[in-house]
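Here is how the chains run, residue by residue.
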Amino acid sequence: MEKWRATSRHLLRHFSKDLFDRRMSPSFGTFNRQLSSAEAVDLVLLSFVSVATTIQRNPLFSSISSDDISHFKEILGEKNVIHDEEKLVTANMDWMRKYKGSSKLMLQPRSTEEWISLSVVAEWIDCALSGVWPLKKAALAFRKVNSIYFQSLVQSFNLCLRISEMPPHSLFIMIRLFLQALCLFASSTYCDSDKLGNYGTHLILQVSQILKYCNSRCLAVVPQGGNTGLVGGSVPVFDEVIINTSSMSKIVSFDKVSGILVCEAGCILENLVSFLDNQGFIMPLDLGAKGSCQIGGNVSTNAGGLRLFRYGSLHGNVLGLEVVLANGTVLDMLRTLRKDNTGYDLKHLFIGSEGSLGIVSKVSILTPPKLSSVNLAFLACKDYSSCQKLLLAAKRKLGEILSAFEFLDTQALDLVLKHLEGARNPLPTSMHNFYILMETTGSNESYEKEKLEAFLLHSMEGGLISDGVLAQDINQASSFWHIREGVPEALMKAGAVYKYDLSLPVEKMYDLVEEMRIRLGPAANVVGYGHLGDSNLHLNISTPQYDDAILAQIEPFVYEWTSKHHGSISAEHGLGLMKADKIFYSKSPETVSIILVGSYLLPKSLCVDIVQLMASIKRLLDPNGILNPYKVLPPFLAS
């Protein structure tokens, strides 16, 4: 141990406090998306997004009319139907200001205020019963309630007044008791699984009625949550109706034994993290944008993030979904079982489908328990080969406690130090070629401390680590994560940035970065960072301003290179609008007559075209193509 301390003056003793709340303040990782006013146009697909692709509005889609707006107000109420141009500016553009649509209408289904309106109605009826209001005035007020439940109730009430001998006073008493019972039920923050089918029924009916009407009118829609995506998947392309899920934000239930959480799609990820932290659990998902992103959007894009290395993807953690299809049909797959082999597991169709097959309204997710011993090391490596070897060694020696393995190159760290407020170099004596953030998580503090120190000592003696530091407290750990999670913000502040999210074999990941540097020369700063443990590279090209000549050098080279090395052009960000027509680089190339399947060469005629199969599923579930059009699949296939 003395040798260990003498070998590295920066590699300090680690701490064993809980670091899962390390991610700074609630606003950290939430990028400023306040946008200036801009003129709405049919389509603005800025040239820096991707190589110019001409997209035509589907002529089969209808345009919004005043009758449509009136119909939606009957479903949602006046204030939840937004058609003011100024209020729609933010919703029509993504946070990076790369994509801009011209939607004229945003709808906000709600799960909370309808219940408040029931309480208000009960007060009105009390006033009528106590003589404060005349019965006729109370009945008129009752009719103004914008609740789809009580439209039918009002009709029944009026009918009873005509055909029943029951006096109005008695009817009001009955209605008041009914309303009070509903308000009492709604006042509970959570409900047990037996009540799950009843809870939020009005919410799902709102979404169902919206989609049913849009489908009948052939009005295209785009689901929108936190709008934190990077590929234009959550903003309109033309004048699609925006269905915003932000008000669908209730936690429905949580089982403290199994760790199974059921919540609505609009719950902000950071709010779920805070709730679970109080329960002694964590979310299996952690993103830099957790202060804004919503769980429905996370599921719809199959978001990855910093914890995928330890806990796996959402395909493994999501147990059930409630989804509304294009025709308004509700698919109730909201199971809370870890095992269910009864037929096809259809929820996986909607995880990662980016709202193109249905709108996720509720999620059931398995959450792991919060462990007490967490350690975070910021390490330096001389070359990329050392990073790979360190990853392999960590998997073998620290396998059961290893929870994160992130990397960034010296260009990424330099940008953070220059442009991110409060960022400091954990290893200030010199700059290194590569940096690793390695996290371990477990429950045996003394055992893990000894194991980690032994591993780091051995790695440093073997030349895999050039320098390093172990966080001694929660503040130092937060500063380490601030560097890694702050790279996207630093890139934005540095100027124009071309962003690519790629999945590649670990040994090939950084080859693309180096080839891109040679290709672009001094005209661009090529930055590489990402989730090394998941083989996920975030390739970023930073330039003073956007330039079509530089873009022509980047694309389609970056996609061709990825395809050549059997990678994926989208590791965790989705395809959205940016990569919809690039899907063939990762799926079913049409230009070859013979395909390598495993170790066999087969004629293409014997192989299923995967993209065509996806398009068939899209047409089956959404025949009119109204759900998030122009995204995920090439428009000529999806329509």
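In this text, all values refer to a predicted model and were calculated from it rather than measured experimentally.

On to the packing of aromatic side chains. Summed over all chains, the structure comprises 15 aromatic pairs. Here the aromatic rings of F378 and Y435 are separated by 5.5 Å at their centres, their planes lie at 35°, and the arrangement is tilted. Taken together, the positions of F378 in strand β12 (residues 373-381) and Y435 in strand β14 (residues 434-442) put the pair 57 residues apart, joining distant regions of the chain. Y435 carries the same exposure label as F378, and that label is buried. Ring geometry for F434 against Y510: centres 4.7 Å apart, planes inclined by 75°, an arrangement best described as edge-to-face. One end of the pair, F434, is in strand β14; the other, Y510, is in helix α19 (residues 509-520), and 76 residues separate them in sequence. With a relative accessible area of 6%, F434 lands in the buried category. Residue Y510 is classed as buried on the basis of its relative accessible area of 3%. Joined through ring pairs, the aromatic side chains of Y384, F407, F434 and Y510 make up one cluster. The ring of F557 is capped by R519, whose NZ or CZ atom sits 4.3 Å from the centre of that ring.

The next thing to look at is the sheet that holds strand β9 (residues 318-324). Read across the open sheet, the five strands follow the order β7-β8-β11-β9-β10; overall the sheet is antiparallel. Unpaired on one side and paired on the other, β7 (251-255) and β10 (330-333) mark the two borders of the sheet. Each neighbouring strand pair of the sheet contributes to a mean axis angle of 10°, computed without reference to strand direction. Of the strands in this sheet, β7 and β8 (260-264) touch helix α9 (residues 269-279), which is tilted by about 30° from β7.

Definitions and limits used
- Residues numbered from 1 in each chain as written.
- Predicted model: local features only at pLDDT ≥ 70, side-chain atom pairs only at ≥ 80, totals over all residues.
- Heavy atoms only, no water.
- Phe/Tyr/Trp six-rings, centres within 6.5 Å; stacked < 30°, edge-to-face > 60°.
- Helix = DSSP H or I, 4+ residues; strand = E, 2+ residues; numbered from the N terminus.
- Buried < 20%, exposed > 50% of the residue type's maximum accessible area, 1.4 Å probe, protein only.
- Lys NZ or Arg CZ within 6 Å of the ring centre and 35° of its normal.
- Pairing = 2+ DSSP bridges.
- Axes fitted to C-alpha atoms, helices over the stretch in contact; angles between N-to-C directions.
- Contact = heavy atoms within 4.5 Å.

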